[in-house]
Structure formats: C-alpha cells, structure tokens
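# What the coordinates show
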Amino acid sequence: MQNIWVSILTVIIVVSNSVAQKPNKPSSTEIHHNLQKLNFLGTALYIAAHPDDENTRLISYLSNHDKARTVYLSLTRGDGGQNLIGSELRELLGVLRTQELLAARRVDGGEQWFTRANDFGYSKHPKETLKIWDKEEVLSDVVWAIRNLKPDVIINRFDHRTAGTTHGHHTSSAMLSMEAFDLANDASAYPEQLELTSTWQPKRAFFNTSWWFYGSQENFEKADKSNLIKLDVGVYYPELGLSNNEIASIASSQHLCQGFGRLTARGSQDEYVELLKGDLPKSANLFEGINTTWSRIKDGKAIGDILYAVEENFNFSNPSKHIPELLQAYQLLQKVDDKHWKTLKSEELKALILDCAGLYLEANALSASTTVENKVELSIEAVNRSAANIVLREIKISGTDSTHSADKNLENNKKEELKLTFMVPSTKTNSGPYWLNESGSLGMYTVKNQKMIGKAETPNAFNAIFTLDFDGIEIEFEKPIIHRYSKPEKGELYEPFVVLPEVTTSIKDKVLIFSDAKTKNVTVSIKAGKNNVQGKIGLEHPKGWNVVPNKIDFSILQKGQEQSVTFKVTPPSNDSEGKISPFVAIGNKTYTKELIEIDYDHIPKQSVLLPSETKVVRMNIQKTGEHIGYIMGAGDKVPESLKQIGYQVHLIDPDAIKKGQLEKYDAIVVGIRAYNKVDALKFKQPILFDYVKNGGNLIVQYNTAGRWSKQFENIAPFDLTLSRNRVTDETAKVKIIAQDHSLINFPNSIAERDFDGWVQERGLYFPKEWSEEFTPILSMGDEGEKPTEGSLLVAPYGEGHYIYTGLSFFRELPAGVSGAYKLFANMLSIGKSEVKIETNVKG
C-alpha cells in the first residue's frame, strides 16, 4: 500500500526530483493505517476522461476513511492540454501528466489506470469523441479495467445524460462507464479477454454530482435529493494528522502543469453522489450491504480473525511484535482459492511485514542507465531494524538468469551490504512509455499486449527479488533497481534505472523552414549510451531534397557524452514538406531514436524514446521588420518558430518593462495565457498600451477568460470580452471576411487554402464581444454551429495596432504549418506597408 503520510510530507517539502522514487518509510501510525486498509476487502472505481478531472476529495475519502481500494480510471493521459510549467506538448505532455496523476495517487492513497484513448483536444460532442477514439476499442478497455479491478462500486465524474453541454470527452467517459457496467459481466462481450481475466458485475454505479451540474447553488438546494447520498469528506484523520480535504488539496496540487497548485483546505465539506444503477444505500456508506470483511472469500475468516486482532491490539511502540501473527496470516492466505484477493492482499501483507520489521531493502545501480549486453553493478543494502529472526537467503534479478546466494543472518540494526553484477540480456527492450512504442492514430494509442492495457506506466526495467527466511517461512520481496546518489546542493536523490539504446540522436529544431532554395547547415547531436561508441550517421530525407555528405563517421569515448556533426541540406526550388531523420549504423544494428528527458521536481525523471526526426518545409514567405519582443506566458515554442523565418526574437522580462524602452521592437508578442500566469503584467499594461499608441504593434495570443486579477478586466485598449468559444475541428471551414485588410494581403497573400493542414484545433477562447474599433478578419465554426468571428481581431490604437487572436499558433507554428507562418508574418508586419519588404530571408 502507498505510504500516504511519508508521501504527503515529501510533497509538502519537495526539494528534488527524487520524490516519487524514494522508498516508503512509514511510522507506526501509518503502518496501522495500512493494516486497516488490508482488512477492508472492497474496491471503488472512479471514472473520468483526463488527468485533473478526478475528485481527489472523494478518492481520498474512499481510500482513507472507508479504507477501500480506490482506483481512478482516466480514459486519456491528457495529451491534448496545455502546459504551464514547460514546453512539453502532445505525447510528451501525456507522459508528464501521467506522472502527475501517479504523484497525486501517492498522496491520496488511490491507484491509477488508463485506457488507450488519446486526448486529441477539445471535443464538443460525444459523437465526435467516440468516432475519433474508436468507441469499441475504448469501451473494451473500460470493460477490461472492470473485469481486472473487480470494483463493488463505480463512480462517474460526469453525467452521461448531458451530451453536447460539456466537453465531449467528459460525457463519453460516463457513457462508456454505464455501458461497461453491464458488459463486464457478459461473457459474450470481448470474449478474448476472458483468457486472462473473468467476468464481473459491480453492485452499484453513481454519478459524483454537485451544485455545478445544476447551474447554481440555488437550483441545487431546490433539487430533489431522494436519489442522492451526502458524504462529509472533510473528516479528520488523527493517525495521519491531516484532514481528508488537506490530503485532497495536496493531491490535486500535483497537477502543476495545469496550474492546479492550491492552498490546503480544512473543515467539514459535503460531497454528493447520485445512484445510477443498483440499490440505494440507506446510509452514507457506498459499500452498505456489501461484504467487505475477510469472510468475503472462502477460508478467509481465519485470516480475518488473526488480522482483526492485530488491528485491535496494535503495538504502536513495537510493531515487530506482530510479525508472527502476520506470517501466520500470510501462510493461510496462500492457501485460498480466490486468485484476485490472494494476489492483492498478499502484496499488502508482505509490505506490512516489511514495515513492522523496519526492514530496509535496496538495490542501487551505480549508473542510472544501461544498454543491452552490458554489465550492471549493483550495491545491495539490507537492514533489519527489529528483534525478529530474519535470514537473507538469496537475491535474484528479474528478467535474467542471475541468482546470488547470500545466507546472511540479518541482525538487529546491522547493515548488510553486498556487491552484485548481472548482464542485461540482448532481448531486453528499451525503457520508456509503453504506449509510445508504436505509432497510433489521432484518437488511439497502439498497445498490442493485452496485459499492458490499463497500466499507468511501463514496469521497472529490472527488480531485485529478495528471498527472506522468517523462522523457516520463506517469502520473496521485489524491489525496483534504482539509482541513488547525492548532490551537495540537493542532498539524496533517486532516479529510475532504465535501459537505453547504445546511441541516440537529435536535431534541436523540430521544424526547419526554408524560405528560399539556399542550402542550410543542419547539426545533428549524437549521444552515447555506453563507453566507446563508434559508427556512421546519415540523414534520411524527402525526395527532391539533397543532403551532403551521405554519411559521417563518429567516435565517442565516454557514456553520456555528445558529439555534433553537420550535414548540408538543400531544398527543392518549389514548395515542399517532409521529414529528415538521422540514422546511426553500428555493426549490423541501426539506431533511429531520440532521447527526451522530462525532469521536474514533483515527478520522477522520465526517459522517453521517440523517432528522431525534424519536419522540413520549403515555402516562399515574406516579412517586414526585424526585432520582435516576446513576453512568455504559459510556455510555448513560438519564439523559436519566428526565428526560423528570420526574425531576431528577444525575450522580455515582464518585471523589467519600463516606459520608453519598448520602441526598439518592430512588434511585441504576448505568449499564451500570459495574463493568466504573469502577475507582473498587471502593472505593465499602461506601458504596453503606450507602446502601441506611439506606433508599436502588440499581438496578444489566447488567454482563458476570467482567470486573472481585476486589474486585467480589459486586456485590450478597447472593450473586449473573452469567452469559452472555440473551434475544435482543425479542418473546419475558414472564411476570410476582411478581404481587403492588410492582415490578409501584406506582405503575404492569404487564401483559404492557407488553413489546410492545421493540427488539433483552429483556436480557443475567442472573444464573444468587442468594441467597434476592432475589425474581425476571419469567420469559422464547427459543424452544426453558427460561425464565430472572434478568432482574429485587430484595432488601430494611436499610431500603432493591437491584435488579439485565439488561433492556435502555439500548436501550428511548431508543427510547421505554412499558412500559419504566413499569417503570423502578416500580423508582425502590420503598419509597415511603406517599409521595404524583406524576401527570401534566411531561416
């Protein structure tokens, strides 16, 4: 079970990226808390669509108050969201948000599952969602989760009856949950799953409702609540020293990339669930009438008799006194026929035995990574901090033939250290998120191994399996091989131990824009995954493009070192798009992956292997001006993209903005959600408006409506009201309604075909009202909806221009969408029609 108390403390005093890798070191009260959870045989499954959709108050309540096994099934990994703390988007954002969910579960005591659904961005209706997701596949994953987890109760975060009124992913998650509730017990549904699991019928289904779903507090107060159950989720846990809503706040705050960091809360708080299926409990106990005792399983009563007595008479000053009873219960548990509960409770009971003995077991690799057919050196530590008679018999390394006899008596508080080595098999696959191993579709990840579907992350590369002898009773304990080290400025750190390729490559710019037919130097970085790597590197390229030389020899002596090589890439004379991909030949092996490391303080370091490639675009583009100031908001790659077409981009520190110092910029661009995130801007708004009035060009990209202080009630020099309006279909028809405006004609001519090839969406959070000073440039709308004209607005102000746009340039420019580049160049060039046009600029 998760060590909630230690995890919570760790979250509160986060100082390193080691948080999620640190071993649990529970106190006596935490051990007792886990014993209570061991003695509850019931499961709740909470279902929603995305990371941060989950109600951490209810998950924590079910886990820590009811003591139930509580699992959150998030249908997606949140790949389509934005990122407030870094530049990761799409699949990399999905990796980050997966780890944030796992961090939240370490706090609230829950577990985490997923389906193969890909978050393709905002969807307005479940019809669209389920078409892009492949309904049958996602439904099969939900059924698979229910059959494996065997929940007694299922709780939906969203209402399945409100299609079209909220995010299509949200409603779809509830609709699929309702359908899977019955299908999970139908042997004719997805029968291939039954080779690996069994049918299951949950007892009840609920909808986690609130006043928000009724439109107002007043409406909710008047509503019929006869089918609702009220739970006070603000309860206090003396053994943890925290209230439930404090735990929930800390758990929710793990979603940092979505800006969910918040203050902790205390005090009574009501939560409501509406019965959808099954019988209505008469009390505030969702498990009422369901046997959640050890007598639930055949031959379980005897086990319960032992463990309930331990719980009731727990020795907080010396938990090791209970080891004999726990061992007796463990032996009885191994004889029960119920495989589901035997597997779950055996792991919980083994963890409890370790904790009661104060047993510390660690397998520490001298390096954080290795490669196949390489020797790994391990430092083993085993400490028994109790009077229990324990012998370390042997240590095996999972996935290998490596077994090491020990036969060491673990004396009280005497540290035993061993040095071991093992060879990584040639058949071992590389580490990394399993759902990214194969190409997927817009709406689905490809996972062919049925046993992997649902798992939150790829299993550890290797585990050390310790065989311990407790007075003649031998039990195996698995511990992940990790890398533990220290830094003077951070202290003790932990990292996952991973298997990586011998060599990886990368090109810094993921999009290269060729605005003319001139040759560019393209630098490829080669990183060694082991010592003494040498081979040849080449560059795959599209037809019509030329790369010189064909191959380059390289040699790298030390693991982790990088070497750069340069190819000359010449585009065709006409417009062309494609990809260039480095490949490395070492002997008879070819390597084509790039290593991306995601490293934040609140999650364990992630090593992600993706195809090493860069999009190349040959297009004719014109621009005026040279120097662009950029105020970063939530983080995007627009500045790098603008450099591609020849602009000199200068990042502006909002705190350093002073009157009279902005005139050197031909235009100033405000990054996405800057007014939501950068507090300093509330003091600098008058200076920015003066810059425009004196002839400057200010471009403000999308912000979320209402999520700023009162000083930002009007982020424009004229009235402008933002909304939640968006166009989610990236292929939605775009009509140019200001054909004669310079934004459409200078210095590039913009046509409707320039909106072909856009990715994920057209745009979001468009203004719904604006003053007459603004001119709308475009009209667009999703199918079946009235077109909106707020995606791109421009207004002259003094001698300059103010532009507000909700178009998703932060997605389109890094994706190399030609039309988006041309339109953005026009936005930067507005008001400069008398200036000499710079053509064929160097990227």
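## Regarding the confidence of the model for the protein chain
With 95% of its residues at a pLDDT of 70 or more, the protein chain has an overall mean of 93. The low-confidence segment residues 1–20, where pLDDT is below 50, has 61 contacts with residues more than four positions distant or belonging to other chains. Taken together, the stretch residues 834–843 has pLDDT below 50 and engages in 31 contacts with residues farther than four places along the chain or on a different chain.

## A look at the sheet that holds strand β6 (residues 228–232)
The sheet built from seven strands is open, its strands ordered β3-β2-β1-β4-β5-β9-β6 with mixed pairing. Looking at which strands have only one partner, the edges of the open sheet turn out to be β3 (111–114) and β6. Sheet twist, expressed as the mean angle between neighbouring strand axes with direction ignored, is 30 degrees. Looking at chain direction, strand β1 (residues 43–48) and strand β4 (residues 153–156) are connected through four bridges and run parallel. Within the sheet, the bridge partner assigned to Ile47 lies in β4 and is Asn156.

## A short note on helix α12 (residues 339–357)
Between the first and last C-alpha of α12 there are 27 Å, a value that for 19 residues agrees with the 27 Å anticipated at 1.5 Å per step. The residue sitting at the N-terminus of α12 and contributing the capping side-chain oxygen is Asp338; that oxygen lies 3.2 Å from the backbone nitrogen of His340.

## Looking at the nonpolar core
Most often, soluble globular proteins keep nonpolar side chains buried together rather than apart. Within the largest apolar cluster, 81 residues are counted, with the highest numbers of intra-cluster contacts made by Leu778 and Tyr802. Here this core takes seven residues from helix α18 (residues 818–829), the largest share from any one element.

## Focus: the sheet that holds strand β20 (residues 503–506)
Spatially, four strands are ordered β20-β22-β26-β24 in an open sheet, and the strand pairing comes out antiparallel. Both outer strands of the open sheet, β20 and β24 (546–548), are each paired with one neighbouring strand and no more. Averaged over all adjacent pairs, the angle separating strand axes in this sheet is 30 degrees, with direction ignored. The pairing of β24 with strand β26 (residues 562–570) spans three bridges and is classified as antiparallel. Bridge pairing in β26 places Val547 opposite Val569.

## Here we look at the side chain of His602
In this fold, His602 is placed in the loop between β29 (593–598) and β30 (606–611). In this structure the side chain of His602 is engaged in a polar contact, spanning 2.7 Å, whose partner is the side chain of Glu100. Among residues more than four places away in sequence, those in contact with His602 are Ile85, Glu100, Ala103, Gln254 and Leu256.

The rules behind these values
- Residues numbered from 1 in each chain as written.
- Predicted model: local features only at pLDDT ≥ 70, side-chain atom pairs only at ≥ 80, totals over all residues.
- Heavy atoms only, no water.
- pLDDT = per-residue confidence, 0-100.
- Contact = heavy atoms within 4.5 Å.
- Pairing = 2+ DSSP bridges.
- Helix = DSSP H or I, 4+ residues; strand = E, 2+ residues; numbered from the N terminus.
- Axes fitted to C-alpha atoms, helices over the stretch in contact; angles between N-to-C directions.
- Expected span 1.5 Å × (residues − 1).
- Polar contact = N/O pair within 3.5 Å; in protein donor to acceptor, adjacent residues only side chain to side chain.
- Core = buried A, V, L, I, M, F, W, Y, C linked by side-chain atoms within 4.5 Å.
- Buried < 20%, exposed > 50% of the residue type's maximum accessible area, 1.4 Å probe, protein only.

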